[in-house]
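Descriptive analysis of the structure
Chain residues, written in single-letter form:
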Amino acid sequence: NISNIGTLAFTNKIGYVQLAYLRSAQIGLLSTVQMGSLSADQAAALTGPQIAAITSAQVKALTTAAISSIAPKNIASLDAKAIAAMNYSDSTTAGQISAITVEQVPFLTSAQAKAITSLQIGQFSAEEIQALTPAALAAVTSTAFASIVSTAFVGLTPAQVAALTTVQITKLNSGGAS
């Protein structure tokens, strides 16, 4: 069982080349300590199916460097619960959600966007909001939508504006978006 391999042995013996050969079921068995020890190179080597096997608890253990190194197209493989489990920046730590890069954002699915909390979306830059697909932007809950930085709205595409829901438009009209 792969979860029985000690963390030091795991990080020293399982390189990014070998990691690519682990089956999805094996990825799901990794302990949170093992998952937290993944280097940026190892995380970058994970495939879409492997990313899909990562649990919410495992996502919480990933470093921000590991998250930002996941191939942009593979970000879509994280389930919505895993996205919702990502922590956000506070006064002492950089949040995992802020590690999602502008290159990864367009690959967020509607289900993932819907799972993003107000505190998490508040970590998104204007460029990251503008990188959301129209469907993903429309899926952001009205509560979370109210936490989007106002500077993001200036650069929305016509397709993104057209995709906004009536509730989201109401939030804009009422000054609900920050």
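Each chain carries its own residue numbering, running from 1 in the direction its sequence is written. The predicted origin of the model limits local features to residues at a pLDDT of at least 70 and limits the giving and counting of side-chain atom pairs to 80 or more, whereas totals for whole chains, interfaces and linings rest on all residues. Hydrogens and water molecules were not included; the side-chain quantities draw on all heavy atoms of the structure.

**Let's talk about the overall build of the chain**
Note on conventions: DSSP H or I runs of at least 4 residues are helices, E runs of at least 2 residues are strands, and numbering of each starts at the N terminus. Of regular secondary structure, the chain possesses 18 helices and 0 strands. A 1.4 Å probe rolled over the protein chains alone gives each residue an accessible area, and that area as a share of the maximum for its type sets the label: buried under 20%, exposed over 50%, partly exposed in between. Across the 178 residues that make up the chain, the buried fraction comes to 37%. By the convention used here, residues are in contact when the closest approach between their heavy atoms is within 4.5 Å. For the chain, the proportion of contacts with a sequence separation of at least 24, taken over those separated by at least 6, is 75%.

**Section: the packing of aromatic side chains**
Each Phe, Tyr or Trp ring, with Trp reduced to its six-membered ring, pairs with another whose centre is within 6.5 Å; inter-plane angles below 30 degrees give stacked pairs, above 60 give edge-to-face pairs, and intermediate values give tilted ones. Considering all chains together, one arrives at 1 aromatic pair under this definition. On the numbers, 5.4 Å between centres and 55° between planes, the contact of phenylalanine 145 with phenylalanine 153 is tilted. Here phenylalanine 145 matches phenylalanine 153 in class, with each residue buried.

**As for the environment of leucine 156**
Following the sequence through the fold, leucine 156 ends up in the loop between helix H16 (151–154) and helix H17 (158–163). Counting along the chain gives 25 residues from leucine 156 to alanine 131, while the straight-line C-alpha distance between them is 8.6 Å.

**With respect to the nonpolar core**
Residues Leu78 and Ile129 are the most contacted members of the largest nonpolar core, which totals 44 residues. Broken down by secondary-structure element, the contributors of at least two residues to this core are helix H8 (64–69), helix H10 (80–85), helix H13 (126–131), helix H14 (134–139), helix H15 (142–145) and H16. Filtering out sequence-adjacent residues up to four positions away, leucine 78 remains in contact with Ile51, Ile54, Val59, Ile83, Met86 and Gln112. Residues belong to a common nonpolar core when they are buried Ala, Val, Leu, Ile, Met, Phe, Trp, Tyr or Cys residues joined through side-chain atoms within 4.5 Å.

**Details of the environment of serine 69**
Looking at the secondary structure, you find serine 69 in helix H8. Separated by 30 residues in the primary sequence, serine 69 and alanine 99 place their C-alpha atoms 8.9 Å from one another. Residues contacting serine 69, with those up to four places away along its chain left out, are Ala40, Ala43, Ala44 and Gln104.

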